[in-house]
Structure formats: C-alpha cells, structure tokens
Amino acid sequence: MTVQYKVLPGPEHYLPPSAASMGIRLPDPGQGHINGRIVPEEEAMEAAARQFLMAKVPTIFPGPLVLWAWNEKAAKKATAIRHLYETIKECITPSQKPMLIPMPDYRPKYPKIDPEVEINPNHPNLTIWHNKIDACMFVGVHCHQANLSLKIIRGGTNCYTIAMCAQAGHEDAMLSFRDATADKIMRLAEWVRKLKGSVQPSEN
Amino acid sequence: MSLERIKIAPEMFDIMPPEYQDLVQKATYGNESRGWKDIGTSKELIEEHSLCAGCPESMAFRYILASLPNPEDTVMVGSTGCTSLVFPHVGIHNIHSLFGNQNAIASGLKRALTVRFPGRVKDVVVLAGDGATVDIGLDMTLQAWFRQEKFTTICFDNELYANTGGQESGLMQKGFVAKMAPIGKHFEKVRLPEIARESGCHYVVNCTVSKPNLIEKVVKNAIYIAREIGPTYLQLYTPCILEIGKNSMEGLQEMRDAEKPTERFAYREYISEPAKELIAEMTAKEKERKAALKKQLAGQNA
C-alpha cells in the first residue's frame, strides 16, 4: 500500500527528503497546497490566516526581492507585507508576539548572525529556535534559497511554514501560494481580519 | 545592482540590520572622488571578514574597495584561496570562479556586459592569489592579456599557497623554505610583471600595500586604462604572516622591508604609450575640475 507523503511541521530528521522527491507536486494557477494536498487558493488563504492567528510567534520573513525597492512591484509588495504584519498585530491577543524579520541576503554570515534581527537561509533554524517561532511565512526569497531554508526548518524545528511564492510555489512548505502579488498579500490580510476572534491561540 | 536600485523599500527600512542601512546611507556609491580617505568616515564596502588577525590582505581589500571608481557598476571575479573567504562579505557584485579560471570568466563577463549595457560603464576586476594567477591559471591569465581583454587583473602575491598550509608557488622566492616545501624552492620567482608587459598589458605595477594613497592611485589608473585601452595588471605583495613566521602586528613592517629599492617589491611600473596619453588627459581634466571648484568656492566667499 502506498502511503501519501505529507509535508508536516517537524522536526522530521536531520536531512529530510525534498517534498518533490516524495511525490508532492506544485499547485496550478488559482490553487495552493496544504501539507502537499492541492486546494483552491481561497482555502489556502483561510488556512494560512488561521495559522497566523493560532501561532504564539507568527512571523513574516521578507527576502531580498521585497526588501530592496528594485522596481515598482517590489515596493508595492513591501507595502502589502507591512500591511499584513500590522493586521496580524491588530488581530492577535497580547500573549502572542508577531515578528517581521528580514532575510537581507544569502551569504553565510561570520562570525554568526544576530537571530533577533535577521534570518539566514544557510541556518534559518537559529532564528526560529532563538525566537521560538511556531509559524512563519517566506515572501520575496529566491526559489533555491527558499527551498533550502524550508527543508532545514522542516528538518530541525516544529515551525509551520508558509510560502508566498511569486513563481510556481514551494512543495517544501507546509502551505504554499503561487503567483504572489501585492493584491494577493492584501487578500491574506483581509482573511486574517475576517477570522479575528474566531481562532484561539495554540496552547502547545 | 546599479546605483538607482540600491535602496531599501521604505516600509522595510526599520527592520533591516544596521549594516545594510549604513550601506545605503553612508557608503560612497556614486561618488566619483571616492578613495582611501573615506575609510573611517563612511561605510566601507567590506563587512567583517574572516581573514587572520593582522593579515595584510585585509588591508589590501579595504584600500582596493575604497578606491574602485565605480563600485555600483563593478563586478569582481575571484578564485580559490584566502581571497575567496572575503568575497561573501563585500558590498560589490562578485563571481567565484573555478581555481585558475578567473581571467576566462572575466573575459566573457566583460564582453557580455558590454553587449547588454551598451551605454553604461561596467568595470570588471579580477582579484586572485598567486596560485590562481600564476600557477593553475597562468594559461587563462596570459590568454586574456593576449586577446587584449579590457579588464584589470590584480594578484595578491603572498608568495605561496597560504590557504592550504604553505606549498611552493611560482611567485615564491628562490630558496624559501615553507611548511610544505621543506627543501626550499629551486627556481627563481616568476617575473610576471615583465611577462604581463610583454603579453600586452598597458599598465603594470609591482608593489606592496603599505601605502593606501599609492594603492588608490594604481587601482584607479589600472581600471581607467582597462576601460579605455586594454588589459592592466597589478601585483601586490600581501605577505601571509602565519606562513613566514610573523606576528599579527608585523605585516606592515614586512611590506616596508620588502619594498626597499633593492628588494623584490621595490615599486616598478610599466605604462604603454596610449596609456600614458590617457593618464595625461585624465590629469589635465582633474586639474581643470579642481580649478573650477576653487573658482566656484572663491565666488561663494566673495
């Protein structure tokens, strides 16, 4: 009997397999995936919003593609991300601690990164462990670096990962959108606002 | 990334780590008269590096990065060695090539940039150690010069393979005994500055990095000449203090000793006739600019 692989929060083990090698496929336009299951995009929106509202430390990790205003679209996305962050802040309880931590570039940092102010794709677990982050969203991170980070996070932490991807999505995230735009990020913020008060923070 | 793109999205500015904020606000991108004197008063284009304490190579990196005339439109090509440990920490586009391949990579890169950005000055600078430049990559180094490729090659000459424990290199001095060359070198140091001249380089300098103002001058000359005329070559002595048995604070003195008139790093330069004309032209323009500035200031004060 074949068992369908599920992309679930870890810690899975030191070197988790890439989800693609386990048969997880990417969503088509208008879809997302949750734990590797293809779903309509709105369902993914609702699930992502719930994760943000449930998490003790809901966190957004913006990458270089949105941190740097290298074109108009990037600047608009940055505005939308800030709006999403502010919305999460407004919609959670005082016991929850939202964070917005940048991934400014991908170089390995010496002697070490400061996990309170940044995340690095070569050891994203350090930032997640240090801040006790239990749900995070990657946005504006180049595909390869996002895949690398998502796998490391799945391997070594229990953090729920969401990818707001501008391309075809990420199998290695627990929940992924594709074709991200500023509007789509704003829509996610609307979902967070819509579900405010209806989702209790996790007790784990 | 070109200058107009080096800006942080306003909504994200406050969350960026301070070194990135400084890079945008206090670095000298776009400043034509940038130079070594900016060190200490502006954000340098090198962050914490991973070289040994007191390594002269780190001084060389700081002076060179402070002297590049066009850092926002410069791509550096590196190779295997201690230099490759530094490149992840510089605020300039850079490519790490296979060991010895740096001048071949730079040739293609320079040509591609010229086609892709026809109206824009894009500088390519190779920076590699003596193993990459003279031993493993000698073929690529020479062929780029034969073809008159328009970029600058800088060799950090520490006279051995430092990163791997002290093996003999082509630029090691005759008779020198290193940790992994216990019987001493049997052959003369390769005379690459002379070979560079004969291979078609228009500007060749052999010196140490003990004097920042000198490094600024030769780096700027080399880049301007490479832009307009053809290949240029700088051979800079950056001794490996560990491999020659010195302490951290002795690197500078080692370079001063090595640049005495009878020593192997006594200042030597070769400038081709077209390059001499270009330098004269640039000097005249600089004089004019300074005179105009003086006049302007005098007018303001009157």
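Just so it is clear, the model here is predicted, and its values are computed rather than measured.

### Some points on the overall build of chain B
Looking only at helices and strands, chain B features ten helices and seven strands. Burial analysis of chain B (302 residues in total) assigns 53% to the buried set. Of the roughly 14100 Å² that chain B leaves accessible, carbon and sulfur atoms contribute 55%.

### Overview of the sheet that holds strand β6 (residues 160–164) of chain A
Residue and element names in this part refer to chain A. In space, the seven strands of this open sheet follow the order β2-β1-β7-β6-β5-β3-β4, with mixed pairing throughout. Both outer strands of the open sheet, β2 (37–40) and β4 (99–100), are each paired with one neighbouring strand and no more. Bridging between strand β3 (residues 58–62) and strand β5 (residues 135–139) involves five bridges; their strand directions are parallel. Residue P62 lies in a different strand from β5, and its bridge partner there is V139. Along the sheet, helix α1 (residues 41–54) makes contact with β1 (31–34), β2, β3, β5, β6 and β7 (175–177), crossing β2 at roughly 105°.

### Quick notes on the side chain of T87 of chain A
Residues and elements named next belong to chain A. For T87, the position within the fold is in helix α3 (residues 72–91). In this structure T87 comes out as buried when scored by relative accessible area, which is 0%. Contact partners of T87, with chain neighbours within four places excluded, come to A189, V192 and R193.

### Considerations on the interface of chain B and chain A
With 18 residues of chain B in contact, the opposing surface of chain A contributes 22 residues. In this assembly, chain B packs against chain A so that about 1900 Å² is buried in total across both faces, 66% of it on carbon and sulfur atoms. Among the residues of chain B in contact with chain A, M12, I15 and Y20 of chain B are the three that bury the most area, contributing 29% of the side total. In this assembly, chain B and chain A are joined by one salt bridge. Residue R82 of chain A pairs with D14 of chain B through a salt bridge whose shortest N-O separation is 2.8 Å. On the surface where chain B and chain A come into contact, there are eight residue pairs in polar contact (both at pLDDT 80 or more). Grouping the constituent residues of the side of chain B that touches chain A by class yields ten nonpolar, one polar and seven charged.

### Structural notes on the nonpolar core
By size, the foremost hydrophobic cluster in this structure holds 96 residues, and its most contacted members are I60, L84 and L188 of chain A. The residues that make up this core include at least three from each of domain 1 (3–271) and domain 2 (274–302) of chain B. Apart from residues no more than four positions distant in its own chain, L84 of chain A is found in contact with F52, I60, M137, I185, L188, A189 and V192 of chain A. Counting residues in hydrophobic clusters, the runner-up holds 18 residues, among them V57, F61, I101 and I133 of chain A.

### Focus: the sheet that holds strand β1 (residues 74–78) of chain B
Backbone-to-backbone hydrogen bonds pair the strands of a sheet. The strands run either parallel or antiparallel. All names here are of chain B. Taken together, the seven strands give an open sheet; going across it, the order is β2-β1-β3-β4-β6-β5-β7, and neighbouring strands pair in mixed fashion. Edge positions in the sheet fall to β2 (93–96) and β7 (268–271), since each has one partner strand and no second. Between one strand and the next, the sheet's axes are offset by a mean angle of 15°, whatever the strand orientation.

### A few points about the domain arrangement of chain B
Residues and elements named next belong to chain B. Considered domain by domain, chain B is made up of domain 1 (3–271) and domain 2 (274–302). Each partner contributes residues to the interface: domain 1 has eight residues there, and domain 2 has six residues. Taken together, the connections running from domain 1 to domain 2 amount to zero salt bridges. Scanning the region where domain 1 abuts domain 2 turns up zero residue pairs in polar contact (both at pLDDT 80 or more). No other element matches helix α8 (residues 212–228), which puts four residues into the side of domain 1 that touches domain 2.

### Focus on unusual backbone geometry
All names here are of chain A. For the bond from G10 to P11, the omega torsion is 0°, close enough to zero to count as cis. Topologically, P11 is positioned in the segment before β1. In this structure, K132 is a non-glycine residue whose phi angle is positive, near 55°. Take K132: it is sitting in the loop between α4 (124–131) and β5. Residue K132 is classed as exposed on the basis of its relative accessible area of 65%. Positive phi values are uncommon outside glycine, yet D179 reaches one of about 50°. Along the chain, D179 falls in the loop between β7 and α6 (182–194).

### Comments concerning α3 of chain A
A rise of 1.5 Å per residue sets the reference length of α3 of chain A, with its 20 residues, at 28 Å; its end C-alpha atoms lie 29 Å apart and thus fit the reference within 8%. Listed in full, the buried residues belonging to α3 of chain A are A74, K77, A78, A80, I81, R82, L84, Y85, T87, I88 and C91 of chain A.

### A look at the environment of G165 of chain B
Residue and element names in this part refer to chain B. Note on placement: G165 falls in the loop between β4 (152–157) and α7 (192–199). We classify G165 as buried; its relative accessible area is 17%. C-alpha separation for the pair G165 and D135, spaced 30 residues apart in sequence, amounts to 16 Å. Aside from chain neighbours lying at most four places away, what touches G165 is K179, M180 and E243.

Rules used in this analysis
- Residues numbered from 1 in each chain as written.
- Chains lettered and ligands numbered in written order.
- Predicted model: local features only at pLDDT ≥ 70, side-chain atom pairs only at ≥ 80, totals over all residues.
- Heavy atoms only, no water.
- Helix = DSSP H or I, 4+ residues; strand = E, 2+ residues; numbered from the N terminus.
- Buried < 20%, exposed > 50% of the residue type's maximum accessible area, 1.4 Å probe, protein only.
- Areas by Shrake-Rupley, 256 points an atom, 1.4 Å probe, with all protein chains shown as cover.
- Pairing = 2+ DSSP bridges.
- Contact = heavy atoms within 4.5 Å.
- Axes fitted to C-alpha atoms, helices over the stretch in contact; angles between N-to-C directions.
- Buried area = accessible area lost by both parts, 1.4 Å probe.
- Salt bridge = Lys/Arg side-chain N within 4 Å of Asp/Glu carboxyl O.
- Polar contact = N/O pair within 3.5 Å; in protein donor to acceptor, adjacent residues only side chain to side chain.
- Nonpolar A, V, L, I, M, F, W, Y, C, P; charged D, E, K, R; others polar.
- Core = buried A, V, L, I, M, F, W, Y, C linked by side-chain atoms within 4.5 Å.
- Domains from an automatic or database assignment.
- Expected span 1.5 Å × (residues − 1).

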